[in-house]
Amino acid sequence: MHSGTARPTHPTTTARLTLRRADGSDLAGVLALLAETADWLNRRGVRQWPAGGFPAERISPLIEEGTMYVLDGEDGPAATLALDGHADPEFWTAEDAPGTALYVHKLSVSRVYAGLGLGQALLDWAGLRALAAGRRWLRLDCSKDNPGLQRYYRGQRFTHLRTVDLPHRASGALFQRAGGLRGDVLAGALPFADLRGPLTGPLTGQPAVPGEPAVVGGAGAEDGGSPRTVGVRR
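Residues numbered from 1 in each chain as written. Predicted model: local features only at pLDDT ≥ 70, side-chain atom pairs only at ≥ 80, totals over all residues. Heavy atoms only, no water.

*Asks:* Just checking my understanding: could you explain the sheet that holds strand S7 (residues 159–163) for this structure?
*Replies:* Pairing between sheet strands relies on hydrogen bonds along the backbone, with the strands arranged either parallel or antiparallel. Spatially, S7-S8-S6-S5-S4-S3-S2-S9 is the arrangement adopted by the eight strands of the open sheet, whose pairing is mixed. If you trace the sheet from one side to the other, it starts and ends with S7 and strand S9 (193–194), each paired once. Note that strand S2 (residues 18–21) and S9 share two bridges and pair parallel. Bridging across to S9, leucine 19 finds its partner in aspartate 194. Contacts between helix H3 (residues 118–132) and the sheet are confined to S2, strand S3 (68–73), strand S4 (76–84), strand S5 (101–109), strand S6 (137–143), strand S8 (171–178) and S9, with S5 contributing the most and set at about 160° to the helix. (Pairing = 2+ DSSP bridges. Helix = DSSP H or I, 4+ residues; strand = E, 2+ residues; numbered from the N terminus. Contact = heavy atoms within 4.5 Å. Axes fitted to C-alpha atoms, helices over the stretch in contact; angles between N-to-C directions.)

*Asks:* Please explain helix H1 (residues 27–43) as it appears in this structure.
*Replies:* For an α-helix, the turn length of 3.6 residues means that residues three or four places apart are oriented alike. An ideal rise of 1.5 Å per residue puts 24 Å on 17 residues; H1 measures up with 24 Å between its terminal C-alpha atoms. Residues of H1 that are buried include every one of Leu27, Val30, Leu31, Leu33, Leu34, Ala35, Thr37, Ala38, Trp40 and Leu41, and no others. Where H1 is buried, its residues touch helix H2 (56–65), S3, S4 and S5. Backbone geometry just downstream of H1 places glycine 45 in the positive-phi region, at approximately 80°. (Expected span 1.5 Å × (residues − 1). Buried < 20%, exposed > 50% of the residue type's maximum accessible area, 1.4 Å probe, protein only.)

*Asks:* Which parts of the structure should I look at to understand the packing of H1 against H2?
*Replies:* When two helices pack together, you describe them by how their axes are tilted relative to each other and by the distance separating the axes. It is at 10 Å that the axes of H1 and H2 come closest, and there the two elements cross at 125°. Considering the angle they form, H1 stands oblique to H2. Viewed along their axes, H1 and H2 form a crossing whose handedness is right-handed. Here H1 contributes Leu27, Val30, Leu31 and Leu34 to the contact with H2, which in turn contributes Ala56, Ile59, Ser60 and Ile63. Residues that form the contact of H1 with H2 fall into these classes: seven nonpolar, one polar and no charged. (Parallel < 35°, antiparallel > 145°, perpendicular 65-115°, else oblique. Left-handed = near helix turned anticlockwise from the far one by under 90°. Nonpolar A, V, L, I, M, F, W, Y, C, P; charged D, E, K, R; others polar.)

*Asks:* Would you mind going over the pattern of salt bridges with me for this structure?
*Replies:* When the charged atoms of two side chains with opposite charge come close together, those side chains can pair. Taken as a whole, this structure holds seven salt bridges when the rule is applied. Between arginine 20 and aspartate 26 there is a salt bridge; the shortest N-O distance is 2.8 Å. For arginine 20, a relative accessible area of 21% corresponds to the partly exposed category. Arginine 162 is the salt-bridge partner of aspartate 96, the closest N and O atoms lying 2.5 Å from each other. Separated by 66 residues along the polypeptide, aspartate 96 in the loop between S4 and S5 and arginine 162 in strand S7 bring together distant segments of the chain. What you see here is one network of salt bridges that share partners, running through Arg20, Asp26 and Asp72. (Salt bridge = Lys/Arg side-chain N within 4 Å of Asp/Glu carboxyl O.)

*Asks:* Help me understand unusual backbone geometry in this model?
*Replies:* Among all residues except glycine, the phi angle is most often negative; among peptide bonds, the trans geometry is most common. Residue alanine 97 is not a glycine yet carries a positive backbone phi of 50°. By the element assignment, alanine 97 lies in the loop between S4 and S5.

Written as structure tokens, this is what we have:
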């Protein structure tokens, strides 16, 4: 979930980051960010994603299904992730009760925004979405040969369940944590406005969750406050 080779200087202005569902016009930007991340990983010997990134036919269905999200930056995507109920059958078995979780895929943060905690904020957002969907767990798989990335997820309160070692798969280290936020992290720590709208079919196959706040960050309607956009100093 990192990209680039050297950390550029952050823009000096305070900007408001917004998270929304990706649409067809985002395909090129999403592919470019994923390719940048994939190249960065492969140069470091991490076989997480294919060198050069993913073909459009792997990402377009996620956009069409409404499960790919874009965190808008000043000059393109600051980050992306997909969140859905798809449990990879090569990794998750019936004993895992796959329907009790939402699954994070294609989480990537532009190097321009590295060090701002956007990855952990997006994971917190995904945990809230799992909770709103009535799912007990937030799950993901990552490179089985990348101990650094695995330490990162442990640091985000994920538990390593097991590693599935398949010769044709670079991924296979399986992690999960309970839905919701990490421990005592407050909602105000999420540094973006959530414009993706109510929780709908692509995640759960169910109607939107009544009363779910449309904005994550700051005091929301659920706790009597007013939703707000949180600015990030870069």
